[in-house]
Amino acid sequence: MSIRAKVAGIGHYLPQRVVPNAEFETTLDTSDEWIRSRSGIERRHFAAEGETTSMLAANAAEAALKDAGLEASDLDALIVATSTPDLTFPSAATMVQARIGMSGGFAFDVQAVCAGFVYALSTANAMIVSGQAKRVMVIGAETFSRIMDWTDRATCVLFGDGAGALILEASEGAGTSADRGILSVDLHSDGQFRDLLYVDGGVSTQSTGHLRMEGKEVFRHAVEKLAKTATAAMEKAGVTSEEVDWVVPHQANIRIINGTAKKLGLPMERVVVTVQDHGNTSAASIPLALSVGKAEGKIKQGDIVVTEAIGGGLAWGAVVLRW
Ligand code: UT7
């Protein structure tokens, strides 16, 4: 027998304000047609003034608790993957902890930009499998609208705000790919690529900064590295592409999603796509897509789900789980 980290509940939250591509046409030399055809994005949500990452995260957390039929006091740990925390410290996770009324256990942030949720899942899985925690809330939450350069048409039309939350809990498994729960993890980073995607400010340089990206280069790395890490994770899990029910990729660009699915030999009918509605929400994109995929009746108990993401660092990785 072995311990598995099994999904107990999921939920998400999106800020109210929806911004269609057309809104950018009034301030930038861009068009709905360019944004749609080059990225697949049609609209995104932006947080209201004063609405912070921990607020979005807490709303998603409440939705996940409701889905699981649990109380905040049932959680041992809470991890928030974010690059856009409310404050330098305390962590967004402890702020969420307070917001949802979880006074026990422990909470901390993970920062791996767009790969953050995959890194946080890996951390939660390790804690559950090692016996350090029994029930862990894993949240991806971002307010990337706060770090956009609104004069840079090559980046500001691509990102959005939102949050998704997943609860993992310990369960007994046989140690085979028939078990429910996380079956494998594959993580990578390579800091030599830091100039491809970064924010040109931060605490130690005494500014907030704006997101900067060499889009074409990131794109090139993305398809190759995502297909490779997803394949490695599937091999570790002992799962073939025929057995995969759903790929839930990081939602950055429909062309990256298409290209990666093609390399994996998986038809788009088995890929959950939300990029058209959310844009790129960085660490929030996978839990948002998982939550939407489940709500739409796509992801069902027992399904094999492959998640994969890449972002600033570069940092990338994949997790295979049986829902
Ligand atoms: O989440 C982290 C991972 N991030 C990503 O995965 C993003 C990866 N990269 C991408 O998604 C794509 O590279 C972009 C969507 C960012 C850009 O698509 P592209 O096909 O690589 O376009 P490009 O950067 O080569 O730009 C093509 C043209 C350029 O004009 P010239 O130089 O050919 O005259 C750009 O200036 O499109 C221009 N352009 C725009 N035109 C209208 C760039 N942004 C815009 C815009 N509207 N918003």
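Residues numbered from 1 in each chain as written. Predicted model: local features only at pLDDT ≥ 70, side-chain atom pairs only at ≥ 80, totals over all residues. Heavy atoms only, no water.

- Labelled according to an unreviewed UniProt entry, the protein chain appears under the name Beta-ketoacyl-[acyl-carrier-protein] synthase III, originating from Alloyangia pacifica.
- Its UniProt record gives the protein chain a comment under Sequence similarities (unreviewed entry), which states: "Belongs to the thiolase-like superfamily. FabH family."
- In its Subcellular location (unreviewed entry) section, UniProt records this for the protein chain: "Cytoplasm". (UniProt positions renumbered as here; feature names shortened; annotations may be inferred.)

### Observations regarding the pattern of salt bridges
Moving on, step 1. If you walk through the whole model with that rule in mind, you get 15 salt bridges.
Moving on, step 2. Note that Arg36 and Asp32 form a salt bridge whose closest N and O atoms lie 3.0 Å from each other. Separated by 4 residues within a single helix, Arg36 and Asp32 lie in helix α1 (residues 32-39), roughly one turn from each other.
Moving on, step 3. Arg36 serves as the salt-bridge partner of Glu42, at 3.7 Å between the closest nitrogen and oxygen. (Salt bridge = Lys/Arg side-chain N within 4 Å of Asp/Glu carboxyl O. Helix = DSSP H or I, 4+ residues; strand = E, 2+ residues; numbered from the N terminus.)

### As for the side chain of Asp179
Moving on, step 1. Tracing the chain through its elements places Asp179 in the loop between β7 (161-173) and β8 (181-189).
Moving on, step 2. For Asp179, the side chain forms a polar contact with the side chain of Arg4, separated by 2.9 Å. (Polar contact = N/O pair within 3.5 Å; in protein donor to acceptor, adjacent residues only side chain to side chain.)

### Comments concerning the environment of Thr274
Moving on, step 1. With respect to the element layout, Thr274 can be found in the loop between α7 (254-264) and α8 (275-278).
Moving on, step 2. The exposure class of Thr274 is buried, given its relative accessible area of 2%.
Moving on, step 3. C-alpha separation for the pair Thr274 and Glu217, spaced 57 residues apart in sequence, amounts to 23 Å.
Moving on, step 4. Setting aside residues no more than four positions away along its own chain, Thr274 makes contact with Gln251, Ala289 and Val292. (Buried < 20%, exposed > 50% of the residue type's maximum accessible area, 1.4 Å probe, protein only. Contact = heavy atoms within 4.5 Å.)

### With respect to the nonpolar core
Moving on, step 1. Core analysis: the biggest nonpolar cluster contains 47 residues, and Phe24, Phe144, Met148, Val157, Val244 and Val320 have the highest contact counts within it.
Moving on, step 2. Among the elements of the structure, α6 (215-237), α7, β12 (304-311) and β13 (315-322) are those that each provide at least two residues to this core.
Moving on, step 3. The dominant element in this core, judged by the number of residues it contributes, is α6, at 9 residues.
Moving on, step 4. In this view, Val244 contacts Met234, Val239, Leu266, Arg270, Ile304 and Val306; residues no more than four positions away in its chain are not counted. (Core = buried A, V, L, I, M, F, W, Y, C linked by side-chain atoms within 4.5 Å.)

### Details of unusual backbone geometry
Moving on, step 1. The omega angle of the peptide bond from Phe89 to Pro90 is 5 degrees, so this bond is cis rather than trans.
Moving on, step 2. As for its position among the elements, Pro90 is in the loop between β4 (77-81) and α3 (92-100).
Moving on, step 3. Although it is not a glycine, Gln206 sits at a positive phi angle of roughly 60 degrees.
Moving on, step 4. Summarising the element assignment, Gln206 is placed in the loop between β9 (197-199) and β10 (211-213).
Moving on, step 5. We note that Ser282 has phi near 50 degrees; this positive angle belongs to a residue other than glycine.
Moving on, step 6. Structurally, Ser282 is set in the loop between α8 and α9 (285-295).
Moving on, step 7. Of the residues examined, Ser282 reaches a relative accessible area of 1% and is grouped as buried.

### Here's the deal with the site of the ligand
Moving on, step 1. The immediate surroundings of the ligand are formed by 22 residues, with Thr30, Arg38, Lys216, Asn253 and Asn280 found nearest.
Moving on, step 2. In this structure, Trp34 approaches the ligand through a side-chain N or O atom, which is 3.3 Å from an oxygen atom.
Moving on, step 3. A distance of 3.0 Å is found between a nitrogen atom of the ligand and a backbone nitrogen or oxygen belonging to Gly215.
Moving on, step 4. Protein chains bury 74% of the 950 Å² of accessible surface belonging to the ligand in isolation.
Moving on, step 5. More than half of the atoms of the ligand fall within 2 Å of the grid points belonging to the second largest pocket.
Moving on, step 6. Going through the elements one at a time, α1, α5 (153-156), α6 and α7 are the ones with two or more residues in the shell around the ligand.
Moving on, step 7. In terms of residue count, α6 provides more of the shell around the ligand than any other element does, 4 residues in total. (Near = heavy atom within 4 Å. Areas by Shrake-Rupley, 256 points an atom, 1.4 Å probe, with all protein chains shown as cover. 1 Å grid on protein atoms, 1.4 Å probe; cavity = no way out; pocket = protein on both sides within 12 Å on 5 of 7 lines; lining within 4 Å. Sits in = over half its atoms within 2 Å of the grid points.)

### Concerning the layout of surface pockets
Moving on, step 1. There is about 940 Å³ of room inside the largest pocket.
Moving on, step 2. Lining the largest pocket we find 33 residues, and of these Ser83, Gln111, Val199, Gly201 and Thr208 sit closest to its centre.
Moving on, step 3. With 3 residues, β9 is the single largest residue contributor to the lining of the largest pocket.
Moving on, step 4. Broken down by class, the residue content of the lining of the largest pocket amounts to 13 nonpolar, 15 polar and 5 charged.
Moving on, step 5. When residues of the lining of the largest pocket are sorted by domain, at least three fall in each of domain 1 (2-173) and domain 2 (181-322).
Moving on, step 6. What lines the second largest pocket is a set of 24 residues, and nearest its centre among them are Leu158, Met213, Gly215, Phe219 and Asn253.
Moving on, step 7. Secondary structure elements with two or more residues in the lining of the second largest pocket: α1, α5, α6, α7 and β12.
Moving on, step 8. It is α6 that contributes the most residues to the lining of the second largest pocket, 6 residues altogether.
Moving on, step 9. Considered class by class, the residues forming the lining of the second largest pocket number 14 nonpolar, 7 polar and 3 charged.
Moving on, step 10. Two domains each provide a minimum of three residues to the lining of the second largest pocket, namely domain 1 (2-173) and domain 2 (181-322). (Points joined across faces, edges and corners; volume = space filled by probe spheres on them. Nonpolar A, V, L, I, M, F, W, Y, C, P; charged D, E, K, R; others polar. Domains from an automatic or database assignment.)

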